[in-house]
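# Geometric and topological summary
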Amino acid sequence: MDGQIKKDVVFISFWLIILNRQFVLSSVNTSNMSKTANKVFEMLDAIVEMIGEENVVQVITNNVAN
């Protein structure tokens, strides 16, 4: 890099908490992606499918930027 700080980089991270330990399950760079409700749902749905719907206890979102 030439010393410039890249702004407006947005990541969506999916965390997994097991026995009070936190793990980043997936992190997606969404800087160039439209963040519509449908797209966010598609990403979340893929994570739920990966770990199994029966294993999901709670989903927490943070929508501070919007």
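Now for a quick tour of the structure. Because the structure is predicted, anything quoted here is derived from the model rather than measured. (Residues numbered from 1 in each chain as written. Predicted model: local features only at pLDDT ≥ 70, side-chain atom pairs only at ≥ 80, totals over all residues. Heavy atoms only, no water.)

### Some thoughts on the overall build of the protein
What counts here: Put simply, DSSP H or I for four residues or longer makes a helix, DSSP E for two residues or longer makes a strand, and each gets a number counted from the N terminus. Only protein chains enter the accessibility calculation, which uses a 1.4 Å probe; a residue whose area is less than 20% of its type maximum is buried, one above 50% is exposed, and one in between is partly exposed. Whether two residues touch is decided by their heavy atoms; if any such pair falls within 4.5 Å, the residues are in contact. Methods summary: accessible areas were calculated by the Shrake-Rupley approach with a probe of 1.4 Å, and residue burial reflects only the protein chains presented.
Counting its secondary structure elements, the protein contains one helix and two strands. When the helices and strands of the protein are read in sequence order from the N terminus, they spell out β-β-α. Looking at the protein residue by residue over its 66 residues, the buried ones come to 9%. Sequence-distant contacts, at least 24 apart, represent 16% of the contacts inside the protein between residues at least 6 apart. Carbon and sulfur atoms form 52% of the exposed surface of the protein, whose accessible area is close to 6100 Å².

### Considerations on the pairing of strand E2 (residues 21–29)
A regular strand places its side chains so that they alternate between the two faces of the sheet. Inclusion rule: Two strands are counted as paired when DSSP detects at least two bridges linking them.
Where strand E1 (residues 11–18) meets E2, eight bridges bridge the pair, whose relative direction is antiparallel. Across the sheet, residue Ile12 finds its bridge partner in E2, namely Val28. Counting the residues between successive antiparallel strands, the hairpin from E1 to E2 contains two residues, one of them, Leu19, with a positive phi of roughly 50 degrees.

### Thoughts on the pattern of salt bridges
As a reminder of what qualifies: Salt bridge criterion: a side-chain nitrogen from Lys or Arg within 4 Å of a carboxyl oxygen from Asp or Glu.
Scanning all chains against the criterion turns up one salt bridge. A salt bridge links Glu42 to Lys39; its shortest N-O distance comes to 3.6 Å. Highlighted residues: Glu42 and Lys39, both in helix H1 (residues 37–51), separated by three residues, approximately one helical turn. On the basis of relative accessibility, which here comes to 28%, the residue Lys39 falls in the partly exposed class.

### Side note on the environment of Gln22
Examined against the element boundaries, Gln22 turns out to sit in strand E2. Those residues in contact with Gln22, other than ones at most four positions away along the chain, are Trp15, Leu16 and Ile17.

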